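Coordinates in review
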Amino acid sequence: MAETFCERLIAAANARLDKIAMTVLGPSGTETVTFGSMLSQIRSLAYRLSQEQIAFGDRVALIGENHPHWAMAYLGTIYRGAVIVPLDPAAPAETLATFINDSETKLAFVSPSSLDKFRAACDQLGRQIPVVLLRSTEASNGYALYEDWAHTPRPPEFDAAPPPARGEDIAVLLYTSGTTGTPKAVPLTHGNIFAESDGVEEVLKVTDKEVILGLLPLFHVFSQIVNLWIATIIGARVVYITELSSAEIERGLKEGGVSALVGVPRLWYLFHKKIFDAVRALPVPVRLLFRAMLAVNGWLRDGLGINAGPILFKRVHQGFGGKLRLAVSGGASFDADVARDYHRLGFTILQGYGLSETSGAATVTRFEDNKVGSVGTPLNHVEIKIDQPNSEGIGEVLIRGPIVMPGYYRNPEANREAFTEDGWFRSGDLGRFDRQGHLYITGRKKDVIVLPSGKNVYPDEVEAHYARSPLVGEICVLGVRDEASHFEGAEKLCAVVVPDFDYLKANHIANAREAIRYELDNLGRELPEHQRVRAYVVRAEPLPRTATRKVRRFELRSQIEASGVVARQARDARQFVFSEADRKLMDSPAGRMVTAVVRQQAPEVEVIHPQMNLELDLGLDSLSRAECIVSLEKSLGVEFKPAAVAAALTVGEVIALAEAEAPQQLAAKLTQGEVRTDWREIFTSAPRDLAELQPILKRKPLTAWLIYALLRIVYLIARLCLRLEVEGREVLTQVRRPFLVCPNHQSFLDPILVCSVYPFRVLQNIFHVGASEYFSNIFTASLARLINIVPVDPDTNLLRAMRAGAIGLRAGKVLNIYPEGQRSFDGALHEFKKGAAILATELSLPLVPVALDGMYRVWPRRSWRVRLAKVKIRFGEPIYTQAEIPASGERETQYEMLIALLKERIEAMLKEMRQA
C-alpha cells in the first residue's frame, strides 16, 4: 500500500487516465476533466507554486465556489507540500482578513466572484497577496490565471519524484466557523487525511463505479472527505452544479447518473418534506395505500432483508435520478423518524459523526448494521469513550486515533482545554453508547439547558421532534430567562421558528404564527413535561448559521433576550436593501396603493420593503391583514379570489395581486385619494345573500324543537355522567337579542354542551361560525346544518366569516363565538382574538362571558379517547360596550380594551370555580 495520500492519488489516476474524474453541469453546457488531465494539472500547479517561491509548508488560501478548478488547486497545493487554507467565500471581509493574517498566507487562489471581498480583506491588512484567478473573466486585470498555471510545462524529473510531504506534515489548515467565541485553526496532516480516507472507504464500500454529487461547500472538511479525498484515491467521478436550486439539484441527480449523495441532515429533511408534502396532497385512499406500502416495505427490510422500495416507490426513486445507492448524512444529529421513513421508502442513509478536529467522520453506521437513530460505531483504529457518564450513560464524547489533529494551530491554551493528559480529544459533544456499542449524540455540552427542576434538556432532540411539522422551515430551541420564575437565573424553553413559506402558500395558511403555535402545542404533548416548549418566536428572517449550517445559538439567544420573548420578532428595517427593481416596484401605482393601505394598519413602520412579511415583519394580525385587502378591493372596485389572497404573504406579493387583478384601474384609482375602510363599513356593505347563511336565517320551529329535545337529553347525560354544574343561566333570558355568547374553548364538545343549557328562546336563535376543515365530510356537514354552524375557512375567508357573523347578528340572532380560536390542552386560557370585540363594538351589542371548565379532561386535544370528569359552566354578567369602554379614542384601542376585559372576566370566573 502507498505510504501517503498523494501517492495513492497518483496511483489511482495513472490506472484510469481516460476516465472522467470531474463534471460541471453549468448553464452553458457540461464540462469534464479526465483523471489524466486532473493529475497533469495538479502537478503543473505544484511545480508552478515551487517556481513562484511558495516553499514547503507555506500557506496558500483558497476562496471560491465548488468547481473542478477549486478541487485541483487544493490537491496541487498539498502535492507541492504547501498548506492549503480553504476559506468560506460567504464570510465577511473582516473575517477573511483575520484568517489570512493568522495563517500567514503567501498566495491565494480566488474565484472571480470572491475577488472584491479578498481585495477588501487585503486592504484591511495593509498588504497585497498574490492572486491566481480560478477562472478567467473579461476583468482579469492582469491577475495570474488558473488556466495558465495548470498548464505550466514541467520537467520529467518533477513527475518522477514522489510528492515531498510525509504523514506528519500539515496538509490543510481549517478555520472552524464555530457557534460561539473566536474561531480556531485546525491543522490536518497528510497522515490524518490518509487515515480518514482509508477508514471511511472501508465502511462505505465505494468503488470507482461511483458517481458522487458535490453539493456541500468544499471548504468544509465533511465535503472534502468524499469529494476530494476518497473520490480521487478510488477513481470515482464527482459531479458539480453551479447553482444550489431544487431544479439544478434534480438535474445533477438525473443527468449526472448520481449513485452517491452526501449531505447534512437539513438537505435530507428538505427532500423528505417534499416527498411527504406531495403525499399529503393526494386523495385519502391513495394516502392510506402509500402508508400501507411503507409499512410493508419496512417489514420486508427488517424481517426478510428484502428491499422492495425501488419497485413500490419507483417515482420517488426516479426523483433521485434512479441510481442512488449510497446516501450519507453528517454534520449534525439526524431525526430518527425521518431516517425510518427513508428506510421504508427503500433508501439506506448512513450517518456519520465527527468534527473538523477529527478529519471529519469518527464514527459511521454500516450497511450491515445501520441502527436508526445512532451515528454508528468508530472507524478502524479509532477509539471513543464517554467521559463521566451520568445516570443515563450520557457524558462528553472523547476521541483518540490517527484521524485526530495534532493540536490547534498556534493556540496552546485551546489545546490544554481540548486534550486530556493521556491524549484524548474532548469533542464538546454529549453522547452515550447502547449495549451493542452504537454511539448516540444527544447534543453539545455547552448547549444543554438546565431547568429549575434540575432536569437537563438536550435541544437537538427537542428540535428534531418539533421539526416534524410541515409548517416548520427552521427551528432552534433555546433556554431563555424565565422572568416569572422565583429562581435566580431560571430558564424556560423557547422555540425560534422560521415557517416553511412554500408550504403556507400551498395550503392557503395566512396566519402563520397561530398555525405554528397550535401545531407545536400538539407536538409538545408527545414529549415529557420538561421538554415542552413554553414560548415561541416566529420570524421571517432565517436563523443565523455558521458556514457548516449550524445555528449560532448564543447569537440567537442574545437577540431574543435583548428584544424580549414575544410572539414575533420583526427583522430590522436596515436589513432590507432596496435594489433598483424594488424601488421601481414600490413607486408603481400598485406599490403606492399597497403602501398606503399597509400604513393605515401599521403607522409606526418607517420602511416598507417588497420582501417584508405582512404578519412577521409588519405585525399585521389576520384581521388587520383582512382590512388591508378590503381597502384594496374597495379602492380598485374588485374582489380578489380568497386563495390568491391567502397566498400573498409579503408586500411584494400583495402588489403583484393588485397588478394581476386590476391592471387598468390602478393609475386612475390612485389619483382619487386614499380609501380607508373600517369594520363598520365592512359590515354595512356585507351582502345579505351569503349562501351558507341562508339556512340559519330561515325560521325552522319544528327543527328547533327537535334539536332542543335532543340537547336536553345531552344535558341530562352530562348532569349524570359529568356531574355538570351550571350557574348564571338566567342572564341569557335577561339580555335583549341580538348579543354574543363568548365561552372559553376546551373541547370539540363545547358547542353541544353549552347549547344544551340554553333556554329555548335563545337556542332557536343561536348560530356559530366554525372552521370549515372540521365540517368537510357528510356527517359533520349535516351536524353543522343541524346546530346552525356556518363553516368558513378562517385563512382564505376570514372576511366572509366576520361578515357572516355581522349579518346573523343584524338579523336578531345570537352568535356563539370562541375568542380563543383554539382548544386548550390544560384549561389555561390562550390569547383572545379580537373578532368578538370588533363585532360587539361596531354593532353596539353586548357580550356574555362564559367560563367553561373540565371539558379538556373529558375530550383532550390530540386524543380520541373520551373520559368522565367533572364539568362546570358559569355565565357572567353581560359586558355592554358603550357603558364599559370609552367612546373616544382609536377604534383599535377600543377593540383591545374590550377583548382584554372579556378575558379578565372569564379568567376570574374560572379561578372562582376552581377554588370552589
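For the structure itself, look to the data block above.
So, here's what we can say about the structure. (Residues numbered from 1 in each chain as written. Predicted model: local features only at pLDDT ≥ 70, side-chain atom pairs only at ≥ 80, totals over all residues. Heavy atoms only, no water.)

**What to know about the overall build of the protein chain**
Across its full length, the protein chain holds 38 helices and 32 strands. Relative to its full complement of 916 residues, the protein chain shows a buried share of 56%. The long-range share in the protein chain, meaning contacts at least 24 apart out of those at least 6 apart in sequence, stands at 71%. Summed over all atoms, the accessible surface of the protein chain reaches about 39,800 Å², with 53% contributed by carbon and sulfur. (Helix = DSSP H or I, 4+ residues; strand = E, 2+ residues; numbered from the N terminus. Buried < 20%, exposed > 50% of the residue type's maximum accessible area, 1.4 Å probe, protein only. Contact = heavy atoms within 4.5 Å. Areas by Shrake-Rupley, 256 points an atom, 1.4 Å probe, with all protein chains shown as cover.)

**Observations concerning helix α10 (residues 246–255)**
Among the residues of α10, E248, I249, R251, G252 and L253 are the ones counted as buried. One or two residues past the end of α10 sits G257, with phi positive at roughly 60°.

**Considering the sheet that holds strand β25 (residues 535–538)**
With mixed pairing, the three strands of this open sheet are ordered in space as β23-β24-β25. The open sheet has two free edges, formed respectively by β23 (472–481) and β25, since each of these has just one partner strand. The sheet shows a mean angle of 25° between the axes of neighbouring strands, direction not considered. Sheet topology note: the strand β24 (residues 491–499)/β25 ladder contains four bridges and is parallel. Note that in β25 the partner of V497 across the bridge is V538. Across the face of the sheet, helix α19 (residues 512–524) comes into contact with β23, β24 and β25 while running at roughly 145° to β25. (Pairing = 2+ DSSP bridges. Axes fitted to C-alpha atoms, helices over the stretch in contact; angles between N-to-C directions.)

**As for helix α3 (residues 68–80)**
A rise of 1.5 Å per residue sets the reference length of α3, with its 13 residues, at 18 Å; its end C-alpha atoms lie 18 Å apart and thus fit the reference within 8%. Along α3, 13 of the 13 residues are buried, which leaves the element largely enclosed by surrounding structure. In the stretch just after α3, G81 is the one whose phi turns positive, near 100°. (Expected span 1.5 Å × (residues − 1).)

**Focus on the packing of helix α34 (residues 798–810) against helix α35 (residues 835–843)**
Their axes nearest at 11 Å, the elements α34 and α35 cross at an angle of 40°. The angle between α34 and α35 places the two elements in the oblique class. Between α34 and α35 lies a crossing whose hand is right-handed. Between α34 and α35, the residues in contact are M802, G805, A806, L809 and R810 and G835, I838, L839 and L843, respectively. Classifying every residue of the contact of α34 with α35 gives six nonpolar, two polar and one charged. (Parallel < 35°, antiparallel > 145°, perpendicular 65-115°, else oblique. Left-handed = near helix turned anticlockwise from the far one by under 90°. Nonpolar A, V, L, I, M, F, W, Y, C, P; charged D, E, K, R; others polar.)

**A word on the nonpolar core**
Ranked by size, the top nonpolar core spans 93 residues in total, and within it F5, M38, Y74, F109, L204, W229 and I399 carry the most contacts. Residue contacts for W229: discarding those within four places in its chain leaves F5, Y74, L188, I193, E196, S197, V221, Q224 and S359. (Core = buried A, V, L, I, M, F, W, Y, C linked by side-chain atoms within 4.5 Å.)

**Topic: the pattern of salt bridges**
Counted by the stated rule, this structure contains 39 salt bridges. For R410, the salt bridge is made with E104, and the minimal N-O distance between the two is 3.7 Å. A residue pair is termed long-range when its members are at least 10 positions apart, and R410 in the loop between β18 (395–400) and α16 (412–418) and E104 in the loop between α4 (93–103) and β5 (105–110) qualify at 306 residues. Using a relative accessible area of 49% as the deciding quantity, one classes R410 as partly exposed. Across the pair E248 and R251 runs a salt bridge, and its minimum N-O distance is 3.3 Å. Within this pair, E248 and its partner R251 are both found in helix α10, separated by three residues, close to a single helical turn. Connected via shared salt-bridge partners are R59, D102, E104 and R410. (Salt bridge = Lys/Arg side-chain N within 4 Å of Asp/Glu carboxyl O.)

**So, the packing of helix α11 (residues 265–280) against helix α12 (residues 284–304)**
At a closest axis distance of 9 Å, the pairing of α11 and α12 adopts a crossing angle of 135°. Comparing their axes, α12 and α11 come out oblique. Facing F276, V279 and R280 of α11, the residues of α12 in contact are R287, F290, R291 and L294. Split by residue class, the contact of α11 with α12 holds four nonpolar, no polar and three charged.

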